[in-house]
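Structural overview
Each chain, letter by letter, is given below.
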Amino acid sequence: MIGLLRSAWTAPPAYPAPPKRVWRDWLLVAVIPPLAVIEAMLRSDVPQIVPAAVIAIAGVPTLLWRRTRPLLMLVLVLGAIETFRLATGADIQLYTVAYVLLLVYAVSRWGSGRSVVIGLAIMLASTAASTLLGPFVLADAISGFGIVLFTVTVGLLFRLRAGSRLRELDRVKSREREELARDLHDTVAHHVSAIAIQAQAGLATVGTNPDAATAALRVIEAEASRTLAEMRSMVRVLRSDDSVDLAPAATIADLWQLVGGESAVPAVAVHISGDVDGLPAPVAAAVYRIAQESVTNARRHARGATRIDVHVAADAESVRLTVHDDGATGMAAPAGYGIAGMTERAELLGGTCSAGRDPEGGWTVAANLPRAGAGS
């Protein structure tokens, strides 16, 4: 138990950092004060109605900082409420004061572990004081504590859900880095093998055929330059100490495997244009992997799709991949983290990848990769 409390106390704030303000914050700040004024004018059962309304309205601006300074904002509002209770002997019974629950939620959703523990303790103490100082009603006491605990629980659940999603995204990105590093490993091994063979040939001919030895040196220079570029790419993407298995990298020719048989539904059509024969192995593998993931997503999630078109166009500077299906326009986005993985792979090679509904219908994935890959 002590270890659990220590872990909760030292927990960092929620990651990623929350947005400072969104349009909903300004809407709340604009709407709550008029509602408090209207409630104060209509209700005659609330003691000290005017100062209660003033306190309620004065605390509304704290909603603008509830994500970045959640504990401080909660303390300010609860301090004002407790000051009012000590001065008047009555609670602020306005319904509009319920916005305090947003501050409680913000503490558990965005605050550090220390802020969550302190905020929960302060809120429970305030609720207990409200219950004990007024006429004690068991149902009111239970509902008061229940609402506070429910709000804190909701905030913690959303916090855990966001953290779980981030961890899953990190796993997807790590897997893409490993696959790309494997492709790069294969390419570098090929270049090094070529350098070794040419070096052996040069040594064998240096005494009898200097021209052949010079030609071998030129090949070694070219292969060494390519190898250096690929090594730079590998260092950029391989961010762990795990070894990378040697495995054949996918090529542009492998795209035809996505077509499947004649009975495949939806049907897949592959269109390739431009010079794709000289693409570096990591770029060719990335084109295939992104196309493969896109076709898989379309087959699983494109409702009513009958056709998937895969277009690859290469020029001297870049390679462009477009995968489009004719599924229903209103279909939901593909589930899982496939899009995140495709985007990660494209960015590691210095390119871009986007996915979304096509204005003309269906779903389109578009990737643009520099022809030279990450080495450029």
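Just above, that's the structure.
Described in the following lines is the structure provided in the data block.

Conventions adopted
- Residues numbered from 1 in each chain as written.
- Predicted model: local features only at pLDDT ≥ 70, side-chain atom pairs only at ≥ 80, totals over all residues.
- Heavy atoms only, no water.
- Phe/Tyr/Trp six-rings, centres within 6.5 Å; stacked < 30°, edge-to-face > 60°.
- Helix = DSSP H or I, 4+ residues; strand = E, 2+ residues; numbered from the N terminus.
- Buried < 20%, exposed > 50% of the residue type's maximum accessible area, 1.4 Å probe, protein only.
- Pairing = 2+ DSSP bridges.
- Axes fitted to C-alpha atoms, helices over the stretch in contact; angles between N-to-C directions.
- Contact = heavy atoms within 4.5 Å.
- Right-handed = clockwise from strand over helix to strand, strands pointing away.

**Focus: the packing of aromatic side chains**
If you walk through the whole model with that rule in mind, you get 1 aromatic pair. Taken together, a centroid distance of 6.3 Å and an interplanar angle of 75 degrees make the contact between Y105 and F158 edge-to-face. Within this pair, whereas Y105 is found in helix α5 (residues 100-110), its partner F158 is found in helix α7 (residues 138-205), the two being separated by 53 residues in sequence. Residue classification places Y105 among the partly exposed residues on the basis of a relative accessible area of 24%.

**Points about the sheet that holds strand β2 (residues 307-314)**
The 5 strands lie next to each other as β1-β2-β3-β5-β4, forming an open sheet whose pairing is mixed. The outermost strands of the open sheet, each flanked by one partner alone, are β1 (267-274) and β4 (352-357). Across the sheet, the mean angle from the axis of one strand to that of its neighbour is 10 degrees, orientation sign disregarded. Bridge count between β4 and strand β5 (residues 363-370): 6 bridges; the pairing is antiparallel. Bridge pairing in β5 places A355 opposite V365. Packed on one face of the sheet, helix α9 (residues 281-301) meets β1, β2, β3 (318-325), β4 and β5 and runs near 10 degrees to β3. On top of the sheet, helix α10 (residues 338-348) reaches β4 and β5; it is set at about 150 degrees to β4, its chief contact.

**Here we look at the pairing of β2**
Note that β1 and β2 share 8 bridges and pair parallel. Opposite V268, over in β2, you have I308 as the bridge partner. Read as a crossover between parallel neighbours, the route from β1 over α9 to β2 is left-handed. Bridge count for β2 against β3 is 7 bridges, and the pairing is antiparallel.

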